[in-house]
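# Remarks on the overall topology
Spelled out from the first residue to the last, the chains are:
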Amino acid sequence: MTFAFPPPAAPLPRPPMSIFSGTAHPELSREIVRHLGVELGDLKITRFADSEIYVKFEQSVRGTEAFIIQPTCQPIDSNLLELLILLDALKRASADMITVVLPYYGYARQEKKDAPREPITAKLIANLLTTAGAQRIVAMDLHADAIQGFFDIPVDHLTALPIIADYLAEKHYEDVVVVSPDEGRVKKVRKIASRLRAPLAVGYKVHPEHGVSEITGLAGDVRGKTCIVYDDMISTGGSINEIVDALLRNGARPEITVACTHAVLAGPAVERLSRPEIKELILTDTIPVPPEKRSAKTTVLSTAPLFAQAIRRIWTDESVSELFTD
Ligand code: R5P
């Protein structure tokens, strides 16, 4: 008896890609697929009369490499729950690989216990995403790098810093200092400073009470200088307000550029940022920035080309980190 070995199998074709958008930021999703030259997948998301979320993928996802784009921005809990439900549906529909593209990670600031009997909500979110079906995360400028370790699945951590730094470099500032509002952000801010070949200044930030920031000191010489402040996010604008005050107290020119990746812009942020010493406000589109939160001095930079590149590379098994050079 002989056994006829089958001829070597032809390499399996790459699983087809399917990309879907939650309802948190459809404009960004549309921009991402436009850069990829593909269409968004057909997906129905509605609410029942009692406001429960209902989702249904209107095309087969069986065997596909599925990407779901959803920043967990405001309304955070609703966007998060919608994402979890979408993941559950994708998993049950036999998607081959499920990647969550999370341009903004809500609850990222609760990444450690600062006081007894507090939760670590950023870790809880990681558990929820994984349990619901996420097999890979694509995130951007996570509030703390350690959040990557909250997942036991791959996390591709992108940064908008090169996008912001390239934009700033085009401005050819003179006598400029790049400023970190607190010590925790220095490593990131240094990347912008080295791109602009500019010195660095650092604020000393404390939280006298929950949700309140105070800058009690400043390291670095800003007298007579044009300052560029970068923070990962602007929420209430309290930290930015404080650092602008500190810079002015220390003799900086009253023409300050403020930049951030995540434009949370909650509560009094828009009013605080409208102060005249802030000459330009540079945001990215990881979170929608509606017209009423913009002014003549607002610039919103697109992260869509970067997300599109990352998705393409993930799909083709190419390096994502190669997108970034230090
Ligand atoms: C804190 O460490 C963050 O990097 C931001 O500085 C902070 O979350 C911004 O919040 P707010 O705008 O409310 O001061």
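Going along each chain's sequence as written, the residues are numbered from 1 onward. It should be noted that, the model being predicted, local features are given only for residues of pLDDT at least 70 and side-chain atom pairs only at 80 or more, the latter also being counted only at that level, while totals for whole chains, interfaces and linings use all residues. Computation of side-chain values: all heavy atoms of the structure, hydrogens and water removed.

## Examining the packing of helix α4 (residues 161–169) against helix α5 (residues 186–196)
Two elements in contact, α4 and α5, have axes whose closest approach is 9 Å; the angle formed by their N-to-C orientations is 35°. Considering how the two elements wind past one another, α4 and α5 form a crossing that is right-handed. Every residue of α5 that contacts α4 at Leu161, Ile164, Ala165, Asp166, Leu168 and Ala169 is listed here: Lys188, Lys191, Ile192, Arg195 and Leu196. Within the contact of α4 with α5, the residues separate by chemical class into 7 nonpolar, no polar and 4 charged. Angles run from 0 to 180 degrees between N-to-C directions of axes, and those axes are lines fitted to C-alpha atoms, restricted for helices to the stretch in contact. Only DSSP runs of H or I covering at least 4 residues are called helices, and only runs of E covering at least 2 are called strands; the numbering of each starts at the N terminus. Rotating anticlockwise by less than a right angle from the far helix to the near helix defines a left-handed crossing, while the corresponding clockwise rotation defines a right-handed one. Residues count as neighbours in contact if any of their non-hydrogen atoms are within 4.5 Å of one another. Polar here means any residue outside two lists: the nonpolar Ala, Val, Leu, Ile, Met, Phe, Trp, Tyr, Cys and Pro, and the charged Asp, Glu, Lys and Arg; Gly therefore counts as polar.

## Looking at helix α3 (residues 121–132)
A helix is expected to span 1.5 Å for every residue after the first. Between the first and last C-alpha of α3 there are 16 Å, a value that for 12 residues agrees with the 16 Å anticipated at 1.5 Å per step. Each residue is assigned to one of three classes by its accessible area relative to the maximum for its type, calculated with a 1.4 Å probe on protein chains only: buried under 20%, partly exposed between the two thresholds, exposed over 50%. Every buried residue of α3 is accounted for by Thr121, Ala122, Ile125, Ala126, Leu129 and Ala132. In an axial view of α3, the angular spread of the buried residues amounts to 150°, which keeps them on one side of the axis. Each element contacted by the buried residues of α3 is listed here: α2 (76–92), β5 (97–102) and β6 (136–140). Note: the arc covers the axis-to-C-beta directions of the helix.

## Description of the side chain of threonine 284
Looking at the secondary structure, you find threonine 284 in strand β13 (residues 278–284). Residue threonine 284 is classed as buried on the basis of its relative accessible area, which comes to 0%. Under the rule applied, a polar contact is a pair of N or O atoms within 3.5 Å (in protein, one hydrogen donor and one hydrogen acceptor; residues adjacent in sequence only if both atoms are side-chain atoms). A polar atom in the side chain of threonine 284 sits 2.6 Å from the backbone oxygen of threonine 261. In this structure the side chain of threonine 284 is engaged in a polar contact, spanning 3.4 Å, whose partner is the backbone nitrogen of threonine 286. The contacts of threonine 284, once residues within four sequence positions are left out, are Ala160, Ile164, Cys260, Thr261, Ala263, Val289, Val300, Leu301 and Thr303.

## Brief notes about the packing of aromatic side chains
A pair of Phe, Tyr and Trp rings is counted when the ring centres sit within 6.5 Å of each other, with Trp represented by its six-membered ring. The angle between the planes then sorts it: under 30 degrees is stacked, over 60 is edge-to-face, the rest tilted. Tallying each qualifying case throughout the model produces 3 aromatic pairs. For the pair phenylalanine 20 and phenylalanine 57, a centre-to-centre distance of 4.7 Å together with 85° between the ring planes defines the contact as edge-to-face. With phenylalanine 20 in strand β1 (residues 17–21) and phenylalanine 57 in strand β3 (residues 53–57), the pair connects residues that are 37 residues apart, well separated along the chain. In this structure, phenylalanine 20 and phenylalanine 57 share a single accessibility class: buried. For the ring pair phenylalanine 48 and tyrosine 54, a centre distance of 5.7 Å and an interplane angle of 70° mean the geometry is edge-to-face.

## Some points on the domain arrangement of the protein
Boundaries of every domain are those given by an automatic assignment or by a domain database. The assigned domain composition of the protein is domain 1 (17–159 + 305–324) and domain 2 (161–301). Taken residue by residue, the interface counts 17 residues in domain 1 and 18 residues in domain 2. In this description, buried area is defined as the sum, over both parts, of the accessible area (probe of 1.4 Å) that is lost when the two are combined. In total, domain 1 and domain 2 occlude about 1,500 Å² of area from one another, counting both sides; carbon and sulfur atoms represent 55% of this. For salt bridges, the criterion is a side-chain nitrogen of Lys or Arg within 4 Å of an Asp or Glu carboxyl oxygen. The tally of links from domain 1 across to domain 2 stands at 1 salt bridge. Here the residues of the side of domain 1 that touches domain 2 are counted per class, giving 9 nonpolar, 5 polar and 3 charged.

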